[in-house]
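Descriptive structure summary
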Amino acid sequence: MSDTDLSRFFLEQVRLFESFSADKVGEIVSSSELRTFEGNEAIFECGEEGRFIGVLVSGHAEVSVADATGGRTVISQLEAGDVFGEMSLLTGDRTIADVIAGNRCFVLLIPQEVFNTRILVNPKAITYLSRLLAERTRALAVDLNTLQARAEARSSDPYLLSLKTDTPGKILALNVGLSQIRFGIYDTRDEAAEVRGIFDTADSAVTRITVRQGIRVKTLERTPFPLADFFKVMQEAVQQLGDSAAFDAAEIIAVGHRVVHGGSKFSSSAVITPAVIADIEALSVFAPLHNPINLEGIREALKQYPSVPHVAVFDTAFHQTLPPYAYLYGLPYDLYKKEGIRRYGFHGTSHRYVSLKAADVLKRSVGEMEIISCHLGIGASICAIDHGRSVDTSMGMTPADGLIMSSRAGSIDPAVMVHLMQHYQMQPDALLRMINSESGLKGISGISSDIREIEAAANEGHHRALLAHKAFCYQIRKNIGAYVAAMGGIDVLAFTGGIGESSPTVRSLACQSLGYMGIKLDEEKNRNLSSVNSHAIISAEDSPVTILVVASDDDRLVAWEALRAIERNQIILSLKDEGQAPIPIEISAHHVHLSQADVEKLFGVGHQLTPEHELSQPGQFACEEKVHLVGPKGRIANVRVLGPTRKETQVEIAMTEQFKVGIQPPIRESGDLANTPGITLEGPVGSSTLERGVICAQRHIHMTPEDAMRFRVRDKYVVRVRVAGKRELIYGDVVVRINPSYQLAMHIDTDEGNAANISTGMLGFIEGIQNRR
């Protein structure tokens, strides 16, 4: 069938294209692929990542899912002219059903890029697709969430941890430090072809170079050279591995740069622009040993590879979801407001990767788990990850805070520093050198900063080595316990980093005596784990908590973050090209959603909620009924009930009200109630004491699928929203929620509105995509 015949077919029989000109249809057809599928052949399979939208040109097919008995449930029949695959492209979820050819079929597969740039720019096409998606969602014979969970379980890469892309080429990851430069080169078509290298520049007389690909390793020595020559020397060193490792500069399609400190400015990796460079430079005050040399590497790489995107990957970005009570120091508040003195946290890329890897291994959503990630290497930090969000971490304003580390002191009484200045006349430079290079395991043991040497000496009975090792493991165990308490539970305990992966003794002592928390280590599995390829499970069979060891590859993580940032940036640029649409802002006051069982406890048997007025979201309403909230400390009277009833009662309050009732609920999406605190509700007839159900609602945007198409976002994306006004500001950590029954609106609570003088009816604009969950 010729392109002309296809174009005529589309114009006459495919409703999606009825508003397109013949020229536009011709462009779409010529950019797409016509394929043949035989009877019973899968066109799309459940669990696949959505990459195409299909149009059935001839033949017939069915959309179906496998049921629990191995049979199939047919969702819909497809005939010539029908469109399919739109749900995956529009929602961002994996394909949730199989599309199977009933007989020989001709199918036009329209790539996602063509779909985004040629189809989603047509308002009538958007309307048609939105209605089609709504109809098919309602027609599903099984629960949509169940289908999505099945699709993720069948996917080989549900969290996009792979570096494979449709664009052939290589991604260069750089970590430029004062005494060492690390790099990784990753092929987007063949992940096994990765090349990694280290340039050790600590010795002023010689630069030691190690490059490796798989089991092949080459070591070289060179006289020191300026950073401007690094890329030439890197290529020469890689060529020593043979033709399979050699690459040309033209093959590089992206460059990722590790940057230590992003302050509160960056909540995700960022495509590098002059403005981003200026911000990194300004943040050097917090990382004077790291950010300036990171910037030197960025500037040289921009000269070497000027035509490809460069991405800054910030150690601090993942921790920008910490609540204020977790990141504030007990110092005068003005020091935070004026100088930015607060906890920022580090190793964020590693902790984020560990959380996604844990979800991938357990085949569970990262948004439903409590995870404690222990990154134990030369630097060491622990992170509490509550339903996908970092809520606490051990490092502080700088990487010197927190755990005892290889040569860093970790947390110490600040008066100790004053004492050393007053009584030993130590100057700031000497103090910094002491706490960063002469302390920790090295300082306590007096032997070494290397855990292997510490453990060898401890085996020989060396007292200070024993003491250093015990202090290190004690602090890890203490912080694990603290973070279980902070989150109110734990599903996964993960170890990563050089020490976390290589020392069974450290892992064993870190888990010791934590069985009452559900943390049960299988000592034999732990002891016999000699190396970690991807991950290993070392928890006992009856352990409620899964204990994981996750292989860390910092350079690969930089490449991975760079890919994700480039994808996010492309979406935002396309939005700005088309002109951004506004999002209405609504202030959500405290309220209660009741189950029918609790309605009857509070208002009487058989009572039905009485609608008082409709809310902005269709089908939802404010009720005449009100309840009192009673907590351990106090009460809040006359809190409005919202309808209709739900399966489980949920209470939403703002931070200022938490103190009043004496409860500290987590920030959660509506309906995510695991490990949340309870409260007592009082009504005119009786009371109900909840075991759980109190949350502080995460900022969110309600969208229809049609809205999502216009804004180029998908369900569960986390975005930054700029709110215009006299005090313009940007809200981060705003989750997108998509449903055909929603109406476009962003919801924030009364505290957030009052703090920025925002009122219902003001407008917001999506400024950036923070995370694509």
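Quantities reported herein were computed from a predicted structural model and do not represent experimental measurements.

**Describing the nonpolar core**
One finds Ile-372, Cys-374, Leu-376, Ile-476, Ile-480, Leu-493 and Ile-519 to be the most contacted residues of the largest nonpolar core, which totals 45 residues. If you list the elements that add at least two residues to this core, you get strand S17 (370-376), strand S18 (380-386), helix H16 (451-459), helix H17 (463-487), strand S20 (492-496), helix H19 (504-511) and strand S22 (546-550). Broken down by element, this core gets its largest block of residues, nine residues, from H17. Not counting residues within four places of it along the chain, the set of residues in contact with Cys-374 comprises Ser-381, Ile-382, Ile-476, Ile-480, Leu-493, Ala-494, Phe-495 and Thr-496. Among the nonpolar cores identified, the runner-up in size contains 32 residues, and Ala-254, Val-366, Ile-385 and Ala-559 belong to it.

**Focus: the pattern of salt bridges**
Counted by the stated rule, this structure contains 33 salt bridges. With its nearest N and O atoms 3.7 Å apart, the salt bridge here joins Arg-182 to Asp-555. Separated by 373 residues along the polypeptide, Arg-182 in strand S10 (residues 180-187) and Asp-555 in helix H21 (residues 554-578) bring together distant segments of the chain. Classification of Arg-182 as partly exposed rests on a relative accessible area of 29%. Assessed through its relative accessible area of 2%, Asp-555 is described here as buried. Between Arg-640 and Glu-612 there is a salt bridge, with the nearest N and O atoms lying 3.2 Å from each other. One end of the pair, Arg-640, is in strand S27 (residues 635-646); the other, Glu-612, is in strand S25 (residues 611-614), and 28 residues separate them in sequence. Overall, the relative accessible area of 22% leaves Arg-640 in the partly exposed class. Connected via shared salt-bridge partners are Glu-370, Asp-386, Arg-668 and Asp-672.

**Points about the sheet that holds strand S12 (residues 207-213)**
The strand order S13-S12-S11-S10-S9-S14-S16-S15 describes an open sheet built from eight strands, whose pairing is mixed. Both edges of this open sheet fall to strand S13 (216-222) and strand S15 (270-271), since each of them pairs with a single strand only. By the bridge criterion, six bridges tie S10 to strand S11 (residues 195-200) in an arrangement that is antiparallel. Among the inter-strand pairings, Ile-185 is bridged to a residue of S11, identified as Val-195.

**Some words on the packing of aromatic side chains**
Summed over all chains, the structure comprises 13 aromatic pairs. Aromatic side chains Phe-231 and Tyr-305 sit 5.6 Å apart centroid to centroid with 90° between the ring planes, which places their arrangement in the edge-to-face category. In this pair, Phe-231 is assigned in helix H7 (residues 230-239) and Tyr-305 in the loop between helix H9 (291-304) and strand S16 (310-314), connecting sequence segments 74 residues apart. Since its relative accessible area comes to 3%, Phe-231 is described here as buried. When the ring of Phe-266 is compared with that of Phe-314, the centres are 4.3 Å apart and the planes differ by 15°; the resulting orientation is stacked. A residue pair is termed long-range when its members are at least 10 positions apart, and Phe-266 in the loop between strand S14 (252-259) and S15 and Phe-314 in strand S16 qualify at 48 residues. Grouping residues by exposure puts Phe-266 and Phe-314 together as buried. Through a chain of ring-to-ring contacts, three or more aromatic side chains come together here, namely Phe-183, Phe-199, Phe-225, Phe-230, Phe-231 and Tyr-305.

Each value, and the rule that gives it
Residues numbered from 1 in each chain as written. Predicted model: local features only at pLDDT ≥ 70, side-chain atom pairs only at ≥ 80, totals over all residues. Heavy atoms only, no water. Core = buried A, V, L, I, M, F, W, Y, C linked by side-chain atoms within 4.5 Å. Buried < 20%, exposed > 50% of the residue type's maximum accessible area, 1.4 Å probe, protein only. Helix = DSSP H or I, 4+ residues; strand = E, 2+ residues; numbered from the N terminus. Contact = heavy atoms within 4.5 Å. Salt bridge = Lys/Arg side-chain N within 4 Å of Asp/Glu carboxyl O. Pairing = 2+ DSSP bridges. Phe/Tyr/Trp six-rings, centres within 6.5 Å; stacked < 30°, edge-to-face > 60°.

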